[in-house]
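# Residue-level structure breakdown
This is what each chain is made of:
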Amino acid sequence: NTEIENYIGTIGYNKQEVDGREFDYLALNTQSSILSNQEVRDALSHAINRENIVASIYNNKYKVTDYSLDYGSWLSGKNGDYSYNPELSEQILEQNGWVYKYNRWQKTENYKTQKIALNLLVKSSDVSKLSVAQNIKGQLENQGIRINIVQASDEQYNEAIESKNYDIALCSMYVSPSPNLETFFGEGNLANYSNEEVTDIMNQVKNTTD
């Protein structure tokens, strides 16, 4: 509860914080016309200030994490750096042929111009998630990346998730005490990600006793 002090006050008790299991994240559809470009996905990871989201929407009751296994996993902290760095985000795009022109990032290939414009799917019934989506839209559009928020009913959201009909989906899940990466990289994953080597490794892990 992000407003807990409104109910119990601020004195007369000791506070102990325990990490929750709820994990909110953006699923980037790697098969969409724009997000199939890895540099765009990398740029997005540095273009969003998650600390700002936590402070302005969740009253600092959430915390930023780079990895779905941060909850008690021995693999915690061994992931890459996805910190907020808009200068690096720009650098990544420029190094891969994108040009910032007329307040938009765009690239021309074979006489065709492609602009970075993405749909962001979110449940209309979740007020907090809608606020998060608006925050992300504002941040990215200030950096030349257009975002169209698709507000879907629960049924429409589930249908879009099932059919992978989105560029980005704002998702939420509860992390298991024994987390499994198949959620993110296995068959039917929300990023629409497919890699034979990764699949083989995960199959090996299923059968290992070590």
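What counts and how
Residues numbered from 1 in each chain as written. Predicted model: local features only at pLDDT ≥ 70, side-chain atom pairs only at ≥ 80, totals over all residues. Heavy atoms only, no water. Helix = DSSP H or I, 4+ residues; strand = E, 2+ residues; numbered from the N terminus. Contact = heavy atoms within 4.5 Å. Areas by Shrake-Rupley, 256 points an atom, 1.4 Å probe, with all protein chains shown as cover. Core = buried A, V, L, I, M, F, W, Y, C linked by side-chain atoms within 4.5 Å. Buried < 20%, exposed > 50% of the residue type's maximum accessible area, 1.4 Å probe, protein only. Patch = residues over 30% accessible without salt bridge, like charges linked within 9 Å, V, L, I, M, F, W, Y side chains within 5 Å. Salt bridge = Lys/Arg side-chain N within 4 Å of Asp/Glu carboxyl O. Pairing = 2+ DSSP bridges. Axes fitted to C-alpha atoms, helices over the stretch in contact; angles between N-to-C directions. Phe/Tyr/Trp six-rings, centres within 6.5 Å; stacked < 30°, edge-to-face > 60°. Arc of directions from axis to C-beta.

## Details of the overall build of the protein chain
- What the protein chain contains, in helices and strands, is eight helices and seven strands.
- Viewed in the frame of its principal axes, the protein chain has a C-alpha envelope of about 65 × 45 × 35 Å.
- Nonlocal contacts in the protein chain, meaning residues at least 24 apart in sequence, comprise 71% of its contacts between residues at least 6 apart.
- Of the roughly 13500 Å² that the protein chain leaves accessible, carbon and sulfur atoms contribute 44%.

## Things to note about the nonpolar core
- If you look at the biggest cluster of nonpolar residues, it comprises 28 residues, and the most contacted ones within it are Val 40, Leu 44, Ile 116, Leu 118, Leu 140 and Ile 145.
- For this core, the elements supplying multiple residues, two or more each, are helix H2 (38-47), helix H3 (50-57), strand S5 (117-123), helix H5 (127-141), strand S6 (146-152) and strand S7 (168-174).
- For this core, the element with the highest residue contribution is H5, accounting for five residues.
- Look past the residues within four positions of Val 40 in its chain and what remains in contact with it is Ile 34, Leu 35, Leu 93, Trp 98 and Ile 116.
- Judged by nonpolar contacts, the second largest core, of 15 residues, contains Phe 23, Ala 27, Ala 160 and Ile 161.

## Points about a nonpolar patch on the surface
- Taken together, Ile 4, Tyr 7, Ile 8 and Tyr 13 make up a surface patch of nonpolar side chains, about 410 Å² in accessible area.
- On the secondary structure map, Tyr 7 appears in helix H1 (residues 5-8).
- Relative accessible area serves as the criterion here: at 64%, Tyr 7 is assigned to the exposed category.

## Regarding the sheet that holds strand S3 (residues 104-109)
- The strand order across the open sheet formed by three strands is S2-S3-S4, and the pairing between neighbours is antiparallel. In the strand order of this sheet, the two ends are held by strand S2 (99-101) and strand S4 (112-115), each with one partner. Between one strand axis and the next, the sheet turns through 45° on average, direction left out of account.

## Quick word on the pairing of S4
- Two elements, S3 and S4, share four bridges in a ladder whose sense is antiparallel. Pairing of Lys 107 across the sheet is with Gln 114, part of S4.
- Joining the antiparallel neighbours S3 and S4 is a turn of two residues, in which Asn 110 adopts a positive phi near 55°.

## Quick look at the packing of aromatic side chains
- Scanning the entire structure with this criterion turns up six aromatic pairs.
- Plain terms: the ring middles of Phe 23 and Tyr 25 are 5.3 Å apart, the flat faces sit at 15° to each other, and that makes the pair stacked. Exposure class is identical for Phe 23 and Tyr 25. Each is buried.
- Ring plane angle 5° and centroid distance 4.0 Å describe the contact between Tyr 58 and Tyr 62, whose orientation is recorded as stacked.

## Here's the deal with the pattern of salt bridges
- Scanning the model with the defined rule gives eight salt bridges in all.
- Taking the shortest distance from any N to any O, the salt bridge between Lys 129 and Asp 24 comes out at 3.5 Å. Of the two residues, Lys 129 is situated in helix H5 and Asp 24 in strand S1 (residues 22-28); the sequence distance between them amounts to 105 residues.
- A residue is classified by how much of its surface remains accessible, and Lys 129, at 9% relative accessible area, is buried.
- Residue Glu 39 pairs with Lys 107 through a salt bridge whose shortest N-O separation is 3.4 Å.

## Comments concerning helix H6 (residues 154-163)
- Within H6 the residues assigned to the buried category are Tyr 157, Ala 160 and Ile 161. Mapping the buried residues of H6 onto a view down its axis gives an arc of 100°, with all of them on the same face. Exposed residues on H6 whose side chains face more than 90 degrees from its buried face are Glu 155 and Glu 162.
- Each element contacted by the buried residues of H6 is listed here: S5, S6 and S7.
- Immediately beyond the C-terminal end of H6, within one or two residues, lies Lys 164, with a positive phi of roughly 60°.

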